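# Architecture at a glance
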Amino acid sequence: MSLTPADITTIKITIKLATTTMIVSLLLGGPLAWWLSRRDTLPRRVIAAVTTMPLVIPPTVLGFYLLFFMGPFGPIGKMFKFFGFKLLPFTFSGLVVASVICSLPFVVQPLVNAFEALGERPLEAAATLGAGKLDAFLTVIAPQARPAFLTAAIMSFAHSIGEFGVVLMIGGSIPNVTRVLSMQIYVYVEAMEYGQAHLLAGGLVIFAILTMMAMQMLNPRPKKTPTDR
Amino acid sequence: MKKFMVFLAALAIFIPSLAAADEFYVAVASNFQVPAGEIIKAFEEDTGHKAIPSFASTAQIYSQIVNDREVDIFLSADAATPKKLEDEGRIKPGSRFTYAQGSLVLWSATEGFVDSEGQVLKTGKWEHLAVANPKLAPYGAAAYQFLEAWGLLKGLEGTPKIVTGENITQTHSLAVSGAAQLGLLALSQVYRNGKFTSGSGWVVPSDLYSPILQDAVILKTAENKAAVQAFADYLKGEKAKQIILSFGYILK
């Protein structure tokens, strides 16, 4: 028993999806988390609540609504049609959009916590030294929030590897385009081809454990010094 | 006196279980969810028994039964799974019967999109056709047979023109959202009392795919439950037949 060519293709697509999702959700989630971590106002609270929705709504339900919104009858689909773009459902870009929405809570939460913990003081100090806002963010805040960025990156990557329900709806399970690993395992299980399912699922478990270990190694706890006691 | 107390205690233990003997579990394949709900409602009103339904895919119900979940009667979406249970000696002997035969439909959420001959599939402007996974869903297998019969399968299989739902319910969602302009669905999903509930459709001639027989079985554990047998009989009766037909199923 070994991996079929179809299995290998799904693994490649899955890794491509997870990597793209990680990059896009950090680029979006970083500034969003920064904005959310500043003053506490009502709109911010609403947006903060909205970003946690993917954790609350069952994936297939979320998938159905995304499909509807991005489809030809939905507002986003209509907008895409108006500008002459290809509609998102059943494309790799559509998968990325869905996957980013699902990973956003895993990116935003750790970053908001880290930014809040840093507080205003490092920024004020940077300002007195003449640093602009962006400069201060990149040279002062980002390095200090490095562990949180690492957590966010790995969580979004890992989560999109395992994501199933939403991707299933938006992707349409097209071989070589949108069929990902989790779907392939599901099909094997439902078709009662347990051997092949175990092989892929086993690989997934090993991968997940290695990822989590890598996260801990890249993000070492500060060594205890005598003065810490 | 002591004997009387024992008698009372025995009564207290047995009476509730006697009263509850009329309750039983029906496991229903998802595609039959709505008709099953109506049949169960009519059955409960007519007989006073209580049927507790649960819905899942046929494969899921099968693995639940094999793993000792309590199911008294199982309404499958295919004929193969009940047959398999029979071969494994898990059912009441002789209890397997066909309760409905499904029809395949070419359907679109857009009014007037599907013509009365289904020619849109060959000539129309469409990007995606939603089909259930042929490995998992009987309607998916039927859809592939139909596409093969029309000589379209070769050009479509494995291309982005076919999008796959892992079961027929999901395939329905892909088509209802309009994201797939066309879908090969179960007629029962889009049809009620002689007409389409929305959109447009064409019923695929039944000689273009093997019959989609939906079989039911009484499980071995329910062998002596009268209420379960009563439900099986009710399912074969006139009232249930009318409900089943109204959803576009065929009955032979």
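The following paragraphs examine the structure supplied in this document. (Residues numbered from 1 in each chain as written. Chains lettered and ligands numbered in written order. Predicted model: local features only at pLDDT ≥ 70, side-chain atom pairs only at ≥ 80, totals over all residues. Heavy atoms only, no water.)

Residues and elements named next belong to chain B. A large share of strand E12 (residues 212–218) lies buried, amounting to six of its seven residues. Alignment of strand E3 (residues 73–75) against E12, held across three bridges, turns out to be antiparallel. By the bridge assignment for E12, Phe74 is matched with Val217. In this sheet, E12 lies alongside strand E4 (residues 97–102) in antiparallel orientation, the contact comprising five bridges. (Buried < 20%, exposed > 50% of the residue type's maximum accessible area, 1.4 Å probe, protein only. Helix = DSSP H or I, 4+ residues; strand = E, 2+ residues; numbered from the N terminus. Pairing = 2+ DSSP bridges.)

On to the environment of His198(A), then. Residue and element names in this part refer to chain A. One can find His198 in helix H12 (residues 194–218). Residue classification places His198 among the exposed residues on the basis of a relative accessible area of 57%. Separated by 13 residues in sequence, His198 and Ile185 have C-alpha atoms that sit 8.2 Å apart.

The next point concerns the interface of chain B and chain A. Taken together, the 27 residues of chain B in the interface contact 24 residues of chain A. Carbon and sulfur atoms make up 66% of the surface buried where chain B meets chain A, a total of about 2100 Å² over both sides. Taken together, the links from chain B to chain A amount to two salt bridges. In this structure, Glu193(A) and Lys135(B) form a salt bridge, with 3.5 Å as the shortest nitrogen-oxygen distance. There are three residue pairs in polar contact (both at pLDDT 80 or more) connecting chain B and chain A. Put simply, the parts of the chain that give the side of chain B that touches chain A at least two residues each are helix H3 (58–66), strand E7 (162–165) and helix H8 (168–176) of chain B. (Contact = heavy atoms within 4.5 Å. Buried area = accessible area lost by both parts, 1.4 Å probe. Salt bridge = Lys/Arg side-chain N within 4 Å of Asp/Glu carboxyl O. Polar contact = N/O pair within 3.5 Å; in protein donor to acceptor, adjacent residues only side chain to side chain.)

A few words on unusual backbone geometry. A negative phi angle characterises most non-glycine residues, just as the trans form characterises most peptide bonds. Positive phi is not limited to glycine here, since Phe90(A) has a value of about 65 degrees. You can see Phe90(A) is positioned in the loop between helix H5 (75–82) and helix H6 (92–118). With relative accessibility at 3%, the residue Phe90(A) sits in the buried group. Notably, Asn193(B) is not glycine yet its phi reads approximately 45 degrees, a positive angle. For Asn193(B), the location among the structural elements is in the loop between strand E9 (191–192) and strand E10 (195–196).

The next point concerns helix H2 (residues 33–47) of chain B. One full turn of an α-helix is made of 3.6 residues, so residues set three or four places apart face in the same direction. All names here are of chain B. Along its 15 residues, H2 runs 21 Å from first to last C-alpha, staying within 8% of the 21 Å computed at 1.5 Å per residue. What H2 keeps buried is the set Pro35, Ala36, Ile39, Ile40, Ala42 and Phe43. Projection of H2 onto a plane perpendicular to its axis shows the buried side chains occupying an angular sector of 165 degrees, all on one side. Exposed side of H2, more than 90 degrees from the buried face: Val34, Lys41 and Glu45 are the residues found there. Next to the buried residues of H2 lie strand E1 (23–29), strand E2 (50–56), helix H10 (226–236) and helix H11 (238–246). One or two steps after H2, the chain reaches Gly48, where phi turns positive at roughly 80 degrees. (Expected span 1.5 Å × (residues − 1). Arc of directions from axis to C-beta.)

This part covers the side chain of His128(B). Turning to its location among the elements, His128(B) is positioned in the loop between helix H5 (120–123) and strand E6 (129–132). A polar side-chain atom of His128(B) sits 2.8 Å from the main-chain carbonyl oxygen of Pro160(B). Those residues in contact with His128(B) that lie beyond four places of it in its chain are Lys86(A), Pro89(A), Phe90(A), Pro160(B), Lys161(B), Val163(B), Ala179(B), Ala180(B), Gln181(B) and Leu182(B).

On to the nonpolar core. With 57 residues, the main nonpolar core has Phe32(B), Leu75(B), Leu147(B) and Leu184(B) as its most contacted residues. Counting the residues that make up this core, at least three belong to each of domain 1 (2–101 + 211–246) and domain 2 (104–203) of chain B. Residues in contact with Leu147(B), not counting those within four places in the same chain, are Leu121(B), Leu129(B), Leu152(B), Leu153(B), Leu156(B), Ile162(B) and Leu184(B). The next biggest cluster of nonpolar side chains, apart from the first, holds 30 residues, and it includes Ile13(A), Leu36(A), Val96(A) and Val108(A). (Core = buried A, V, L, I, M, F, W, Y, C linked by side-chain atoms within 4.5 Å. Domains from an automatic or database assignment.)

With that settled, the discussion passes to the packing of aromatic side chains. Evaluated as defined, the whole model comprises 21 aromatic pairs over all chains. Ring centres 5.3 Å apart and planes at 70 degrees place the aromatic pair Phe43(B) and Tyr234(B) in the edge-to-face group. On the criterion of sequence distance, the pair formed by Phe43(B) in helix H2 and Tyr234(B) in helix H10 is long-range, its members being 191 residues apart. Looking at Phe43(B), the relative accessible area reads 0%, which means it is buried. An aromatic cluster is defined as three or more aromatic residues linked by ring pairs; in this entry it consists of Trp34(A), Phe115(A), Phe137(A) and Phe149(A). We note Arg38(A) situated over the ring of Trp34(A); from NZ or CZ to the ring centre the distance is 4.0 Å. Over the ring of Phe247(B) we find Arg192(B); its NZ or CZ atom is 3.9 Å from the centre of that ring. (Phe/Tyr/Trp six-rings, centres within 6.5 Å; stacked < 30°, edge-to-face > 60°. Lys NZ or Arg CZ within 6 Å of the ring centre and 35° of its normal.)

With that settled, the discussion passes to the packing of helix H1 (residues 5–37) of chain A against helix H9 (residues 146–162) of chain A. Residue and element names in this part refer to chain A. One way to put it is that H1 packs onto H9 with a least axis distance of 8 Å and a crossing angle of 145 degrees. When the axes of H1 and H9 are compared, the crossing they make is right-handed. Residues Thr14, Ile15, Leu17, Ala18, Thr19, Thr21, Met22, Ser25 and Leu26 of H1 pack against Phe149, Ala152, Ala153, Ser156, Phe157, Ser160 and Ile161 of H9. Split into classes, the residues belonging to the contact of H1 with H9 amount to ten nonpolar, six polar and no charged. (Axes fitted to C-alpha atoms, helices over the stretch in contact; angles between N-to-C directions. Left-handed = near helix turned anticlockwise from the far one by under 90°. Nonpolar A, V, L, I, M, F, W, Y, C, P; charged D, E, K, R; others polar.)

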